[in-house]
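Coordinates in review
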Amino acid sequence: MHIVIMGCGRVGSTLAHNLEARGHSIAVIDHDAEAFRRLGPDFRGMTVTGEGFDQEVLRSAGIERADSFAAVSSGDNSNIISTRLARENFGVARVAARIFDPRRAEVFERLGIPTVATVRWTADRVMQLLVPEGDVEIFRDPTSTVSIIEVPVHHDWIGRPLRTLEEATGARVAYLNRFGIGTLPTASTVVQEGDQVFMLVTDDLIADVTSVAEAPPERGQ
């Protein structure tokens, strides 16, 4: 694959090295030629000095044959404009934009532009590290909308179909940890002693999901 990256900061340079290590062809765009020093002498890809929202600069980076485009500069506006150009003007199928303002991220997600809301995601992860009380969150998507949490399950759920727990909580089980091995649930999976249950939730569901799971099943469940 040929991948064009706009922005040669820490994120862009790391992304370029990781993708190049996987055998992809890489072109990196930055308005500051000094930024390419972060790539080091071993980088074999292309570097283009200029603005990523300039169509001629994009063409110089091989956008017309690119399979993917990532805009990870420090400017929200530049990232969004260049991403839209790559997708709408040059037909690049896979695009992603780094966005610092989560309110903008939500808007562009609705437009179908995948974004990484850097500030919000980072803040959420740091908060989990500093204040680990409560639910054990093991994953949160980059837009900070969906997470996977470990849900303590009351002993009385043991022996019952996992689907009844999903129906009672209104949340989906992402996977189980059973005997130390991650297991994907099926329609016939039954809760067993020692199971660790990990559920997909949004923030507004966490309190209800955990309160239902930690309580005995109601009659008829």
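So, here is what we can say about the structure in this document. A quick note: this is a predicted structure, and the numbers were derived from the prediction, not measured.

1. Observations regarding the overall build of the protein
Secondary structure assignment for the protein yields 7 helices and 11 strands. Here the protein, with 221 residues, has 41% of them falling under the buried criterion. A separation threshold of at least 6 residues defines the contact pool for the protein, and within that pool the share at least 24 residues apart is 53%. With an accessible surface of roughly 12,200 Å², the protein has 53% of that area assigned to carbon and sulfur atoms.

2. Structural notes on the packing of aromatic side chains
Scanning the model with the defined rule gives 1 aromatic pair in all. Between Y175 and F198, the ring centres sit 4.6 Å apart and the planes meet at 10 degrees, which makes this aromatic pair stacked. Of this pair, Y175 sits in strand β9 (residues 172-178) while F198 sits in strand β11 (residues 196-202), and the two are 23 residues apart along the sequence.

3. Re helix α7 (residues 206-214)
Residues of α7 that are buried: I206, V209, T210 and A213. The buried side chains of α7 occupy one side of the element, clustering within an arc of 90 degrees when seen end-on.

4. Details of the pattern of salt bridges
Summed over the entire model, instances satisfying the criterion amount to 7 salt bridges. Ionic pairing is found between R172 and E166, a salt bridge with its closest N-O pair at 3.8 Å. Classification of R172 by relative accessible area gives exposed; the value is 59%. Between D195 and R178 there is a salt bridge, with the nearest N and O atoms lying 2.7 Å from each other. Linking D195 in the loop between β10 (181-183) and β11 with R178 in strand β9, this pair joins segments that are 17 residues apart in sequence. Take R178: its relative accessible area is 15%, and that puts it in the buried class. Linked by salt bridges that have partners in common, E56, R59 and E64 make up one network.

5. Considerations on the layout of surface pockets
Unoccupied space between atoms shows up once a probe the size of one water molecule is rolled over them. Within this model, the second largest pocket holds a volume of roughly 250 Å³. In terms of lining, the second largest pocket is formed by 16 residues, of which the most central are G7, D30, H31, S73 and S74. The residue makeup of the lining of the second largest pocket, split by class, is 4 nonpolar, 9 polar and 3 charged.

6. Section: the nonpolar core
V4, I29, L58, I63, F69 and V92 are the most contacted members of the largest nonpolar core, which has 17 residues in total. Going through the elements one at a time, β1 (2-6), β2 (25-30), α2 (55-60), β4 (68-71) and α3 (76-89) are the ones with two or more residues in this core. For V4, the contacting residues outside a window of four places in its chain are A27, I29, A61, G62, I63, A66, S68, F69 and A70. Listed in part, the 15 residues of the second largest apolar core include V151, W157, I206 and V209.

7. A short note on the pairing of β9
Most of β9 sits inside the fold, with 5 of its 7 residues counted as buried. In this structure, β9 lies alongside β11, joined through 5 bridges in antiparallel fashion. Its bridge partner lying in β11, V173 is registered against M199. Sheet analysis places β9 next to β10, joined by 3 bridges and oriented antiparallel. Across the sheet, residue L176 finds its bridge partner in β10, namely T183. Linkage of β9 to β10, two consecutive antiparallel strands, is achieved through a turn of 2 residues, within which F179 is found at a positive phi near 55 degrees.

8. Quick look at the pairing of β4
Across the two faces of β4 the burial is the same, with S68 and A70 and F69 and A71 all buried. Bridge count for β1 against β4 is 4 bridges, and the pairing is parallel. Each bridged residue has a counterpart across the sheet, and for I5 the counterpart in β4 is A70. In this region the chain leaves β4, passes through α3 and returns to the parallel neighbour strand β5 (residues 94-99); the handedness of that crossover is right-handed.

Thresholds applied
Residues numbered from 1 in each chain as written. Predicted model: local features only at pLDDT ≥ 70, side-chain atom pairs only at ≥ 80, totals over all residues. Heavy atoms only, no water. Helix = DSSP H or I, 4+ residues; strand = E, 2+ residues; numbered from the N terminus. Buried < 20%, exposed > 50% of the residue type's maximum accessible area, 1.4 Å probe, protein only. Contact = heavy atoms within 4.5 Å. Areas by Shrake-Rupley, 256 points an atom, 1.4 Å probe, with all protein chains shown as cover. Phe/Tyr/Trp six-rings, centres within 6.5 Å; stacked < 30°, edge-to-face > 60°. Arc of directions from axis to C-beta. Salt bridge = Lys/Arg side-chain N within 4 Å of Asp/Glu carboxyl O. 1 Å grid on protein atoms, 1.4 Å probe; cavity = no way out; pocket = protein on both sides within 12 Å on 5 of 7 lines; lining within 4 Å. Points joined across faces, edges and corners; volume = space filled by probe spheres on them. Nonpolar A, V, L, I, M, F, W, Y, C, P; charged D, E, K, R; others polar. Core = buried A, V, L, I, M, F, W, Y, C linked by side-chain atoms within 4.5 Å. Pairing = 2+ DSSP bridges. Right-handed = clockwise from strand over helix to strand, strands pointing away.

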